[in-house]
Amino acid sequence: MFLLIVLLVLVSIGATASAAARRWKRLNAAEARVVLSGGGTGGHVNPALAIAEGIKSRYPETRFLYIGVKNKAESVIVNKAGYELRYVCSEGYPGLGLSFRSLRFLVKLGLGIVQSAILLIGFAPRMIVATGGYVSAPVIMAAVLLKKLKIARVRIFLHEQNSIPGQLNALMGRWVDKVLLTFPQTLSFFPEAAVVGYPIRHSIVPMSAEKARENLSFPIPQGRQIIFAFGGSQGARTINRAIVDALPYLFAHRERLFIIHGSGLATSSGYNAAGDTEGRIAKVLSEEQRRFLGDFYYRQDYFHNIAEIYSISSLIVCRSGAGSLNEISRIGKPVLLIPKVNLPGDHQVMNARAMKNAGAAEILFEDTVMENGNLLEYLDGKVLAEKILALVESPLRLREMAEKSGDFLRRKAIERIVSEMYGDHRFKDGNGCVTPFRDLVGNARLLEMLSAAFARSGACFDPASVVEDPDDLAYYRHRAAGLLSHKSWQDRNLGVKLIGYTRYMAKIPTLLQMLSDRTPVGMWKRIFGGDFEQVGFIRRNIVEALRVMDWLDPEVEKHLLAALEDPYFEVRARTCRTLSHFGPYLAGNDACVDRLLERLEDGCFEVVIEAAKALGELGCDSKAAAALLEMKESHYWQVRNAALLGIKRLIERRVLEPTDELIAQTSSFMLTSTDFRPHFQIKETYAAIRKCAEGFKAAERLSQQPAAGSHPVGRKI
């Protein structure tokens, strides 16, 4: 009976699938139908609608269905455009690792696949065009499943806007019929792809500055160079704050500049773009400056006529989303990019590098700073102002960037996309030339490269010799600083190392703050040996980073002296080594010498060894020598050897005279060890001291002999 029920169910499913396949075939033959999917932000929705316009211009009878997610950008934009809209469940990929978010993602993805399959079977499209965003995942997965079941007769196209695809797009691209790319650099990610460019809204067209000015709702004095700064429809806190912080530095140039600022529509509890911007203006500018602010600064939440703002601008300051870059390229304007980092694949950084590589842009990277106990992305207003002024004061550079910007855009992208979709070759010009482009390396590989270069070069080390592009080095430094805010101590530890090897001097205050941080860990971490949130490994590597950066000032010195009391022995040992490195600057520093003398009594012999060697670099009187000579009977031969090394260095530095008495005292050191060794290093150190002493005596005797050709006093000639 059970087998009969199972058989009936299978037959029913097969019959339903067969009926669905026949219906799909019949509808396909009767009417051209296309499903559009992509959303979350306007950067995914607008390209889909631009492609739909391209299809309609060639095949006006085509019927469209847009599949999106509720309460996202598509809810407004698609409805306004007049396309049929349906919703499915989906959310952003949370990354690897087990968590509640991962479980919720899988549940929503599974439900979204079922919903998408029902919508696809009901609509029966000939083609599916997905433009990214997490809503595309369930739609593409459902379509692939229906094709495998022989139900769907559909071709699937995925348009990737960015130079580096997101994780879901990289996966989905393996299953679709063809991936349509904006950047040539993305070809290596997909087996079936064509470079078509970015489909841009028809409203984004270049126009004369005179015509654009006529359509503006606010006046701009004649003869001004116009800077347009914006951070997308919602706004970017970093750009908003940086442009306000730059105003005092631009104020002296207000007779020749005009700043247009699109602050964004964000009104969440976490950030109110307009309110935060107005509050910062009141804080940053003096009363007199605010009185004249309207003469050279205009702020608006959002510009619906953005093509007109583009057209009158001398320089644009913005993020590096693919949509913004291609819109700017269509108008042909120079741009200063401030990419948002830590996005999937760092695609904004890669987009910015692609445009810079084409000669059309320059880049500034954000920093990570602590504000009211929170780590925030930050860009110094003075740095931004200096960059803006440097560009506007170089009209030749701006013209070159504008020309390159116009060439950056792949023209007729919509026509290329439609041609690829229908395979009619009505527009065919090849994929174009691939622009030479060097990939960024991961953190682990970067650390390997820089540490190897430091080992080879020592004092001559320069990270710029490893990372040749200054913008790439700036990005790596920012990425390293971003690791300091991670919950994982391993990530923070990696960030500390990279800050040291990239010589990111601006982060020294942050490292010193972390070095002295004594925030205790919870009970469970204490049970397993933890002490503070900034674990011992991090504190040790901060001290090492200071040595690698080769930077010493009173604040660094103060924190190094405090680190000699750190509860973790490796921090104390590494601090002694770092103080030794700075010996030429700290020699004779009583505070340092006294602390090192205290460390000779440390309970950890590794610390004693490093302290003894450091005294050889910092000691400047007999006090250090006396303490080292007292170590002649230490139980550990390594400690005795370190004491002899310290004495040898004091002799080399001419702090000690290599008298017979001193040599006799060093000869009283026990020169053997308790472990089995083919030779004793301590004996070699002692022999080196005797050789050094003999060399000094020989040099002294030579200096006392008369020079060749001279005559002894009183001798007759």
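Residues numbered from 1 in each chain as written. Predicted model: local features only at pLDDT ≥ 70, side-chain atom pairs only at ≥ 80, totals over all residues. Heavy atoms only, no water.

Draft legend 1. Highlighting the nonpolar core. F228, I260 and L600 are the most contacted members of the largest nonpolar core, which totals 124 residues. Of all hydrophobic cores here, the second largest spans 38 residues; its members include A130, L158, L168 and L181. (Core = buried A, V, L, I, M, F, W, Y, C linked by side-chain atoms within 4.5 Å. Buried < 20%, exposed > 50% of the residue type's maximum accessible area, 1.4 Å probe, protein only.)

Draft legend 2. Molecular detail of the sheet that holds strand β4 (residues 127-130). Spatial strand order, β3-β2-β1-β4-β5-β6-β7: seven strands in an open sheet with parallel pairing. Looking along the sheet, the strands with just one partner apiece sit at the ends: β3 (84-87) and β7 (193-195). Adjacent strand axes in the sheet meet at a mean angle of 20° when their direction is disregarded. Helix-sheet contacts for helix α3 (residues 73-81) involve β2 (63-68) and β3, and the interaxial angle to β3 is about 160°. Against the sheet, helix α5 (residues 136-148) engages β1 (33-37), β2, β4 and β5 (155-160), with an angle of about 155° to β5. (Pairing = 2+ DSSP bridges. Helix = DSSP H or I, 4+ residues; strand = E, 2+ residues; numbered from the N terminus. Axes fitted to C-alpha atoms, helices over the stretch in contact; angles between N-to-C directions. Contact = heavy atoms within 4.5 Å.)

Draft legend 3. Up close: the packing of aromatic side chains. Under the counting rule described, the total for this entry stands at 18 aromatic pairs. Measuring from ring centre to ring centre gives 4.6 Å for Y59 and Y422, while their planes differ by 40°; the resulting arrangement is tilted. In this pair, Y59 is assigned in the loop between α2 (42-58) and β2 and Y422 in helix α16 (residues 413-422), connecting sequence segments 363 residues apart. The exposure class of Y422 is partly exposed, given its relative accessible area of 25%. Ring centres of W489 and F537 lie 5.6 Å apart, and the angle between their planes is 35°; this geometry places the pair in the tilted category. (Phe/Tyr/Trp six-rings, centres within 6.5 Å; stacked < 30°, edge-to-face > 60°.)

Draft legend 4. Seen up close, the pattern of salt bridges. Enumeration over the complete set of coordinates arrives at 35 salt bridges. Here R63 ties to E84 by a salt bridge, and the two come within 3.5 Å at their closest N and O atoms. Separated by 21 residues along the polypeptide, R63 in strand β2 and E84 in strand β3 bring together distant segments of the chain. Exposure remark for R63: the relative accessible area of 32% places this residue in the partly exposed category. Salt-bridge contacts for E570 lead to R540; the nearest nitrogen and oxygen are separated by 2.5 Å. Of this pair, E570 sits in helix α24 (residues 569-581) while R540 sits in helix α22 (residues 536-549), placing them 30 residues apart in sequence. (Salt bridge = Lys/Arg side-chain N within 4 Å of Asp/Glu carboxyl O.)

Draft legend 5. Summary view of unusual backbone geometry. At A124, a residue that is not glycine, the phi angle is positive and equals roughly 55°. Within the secondary structure, A124 sits in the loop between α4 (100-123) and β4. We note that K150 has phi near 65°; this positive angle belongs to a residue other than glycine. With respect to the helices and strands, K150 occurs in the loop between α5 and β5. Residue classification places K150 among the exposed positions, given a relative accessible area of 69%.

Draft legend 6. Main features of the pairing of β1. Burial runs high along β1: five of the five residues are buried. The side-chain alternation of β1 yields two buried faces, one formed by R33, V35 and S37 and the other by V34 and L36. As defined by bridge partners, β1 adjoins β2 across five bridges and the pair is classed as parallel. Each residue of the ladder has a partner; that of V35, found in β2, is L65. Where β1 meets β4, four bridges bridge the pair, whose relative direction is parallel. Along β4, the bridge assignment pairs S37 with A130.

Draft legend 7. Region of interest: the sheet that holds strand β10 (residues 297-300). With parallel pairing, six strands are arranged side by side in an open sheet as β10-β9-β8-β11-β12-β13. Unpaired on one side and paired on the other, β10 and β13 (361-363) mark the two borders of the sheet. Direction aside, neighbouring strands of the sheet carry axes that sit 20° apart on average. Bridge analysis of strand β11 (residues 315-318) against strand β12 (residues 335-337) gives three bridges, and the strand direction is parallel. By the bridge assignment, C318 is partnered in β12 with L337. Packed on one face of the sheet, helix α13 (residues 347-357) meets β12 and β13 and runs near 135° to β13. The strands touched by helix α15 (residues 395-408) within the sheet are β8 (225-230), β11, β12 and β13, with β13 carrying the most contacts at an inclination of about 110°.

Draft legend 8. Quick peek at the packing of helix α8 (residues 237-250) against helix α9 (residues 273-284). Close contact between α8 and α9 brings their axes to 10 Å; oriented N to C, the two are set at 20°. Our classification of the angle between α8 and α9 gives roughly parallel. In this structure, α8 crosses over α9, and the sense of that crossing is right-handed. Note on element contacts: α9 touches α8 through A273, D276, T277, R280, I281 and V284, opposite N240, R241, V244, D245 and P248. (Parallel < 35°, antiparallel > 145°, perpendicular 65-115°, else oblique. Left-handed = near helix turned anticlockwise from the far one by under 90°.)

Draft legend 9. Highlighting the pairing of β2. Extensive coverage of β2 is indicated by the burial of five of its six residues. Note on the crossover from β2 through α3 to β3: the handedness is right-handed. (Right-handed = clockwise from strand over helix to strand, strands pointing away.)

Draft legend 10. Representation of the packing of helix α23 (residues 554-563) against helix α26 (residues 590-599) in the model. Close contact between α23 and α26 brings their axes to 10 Å; oriented N to C, the two are set at 15°. Between α23 and α26, the crossing angle belongs to the class labelled roughly parallel. Between α23 and α26 lies a crossing of left-handed hand. Residues E557, L561 and A562 of α23 form the contact with α26, whose participating residues are A591, C592 and R595. Across the contact of α23 with α26, the residue classes break down as four nonpolar, no polar and two charged. (Nonpolar A, V, L, I, M, F, W, Y, C, P; charged D, E, K, R; others polar.)

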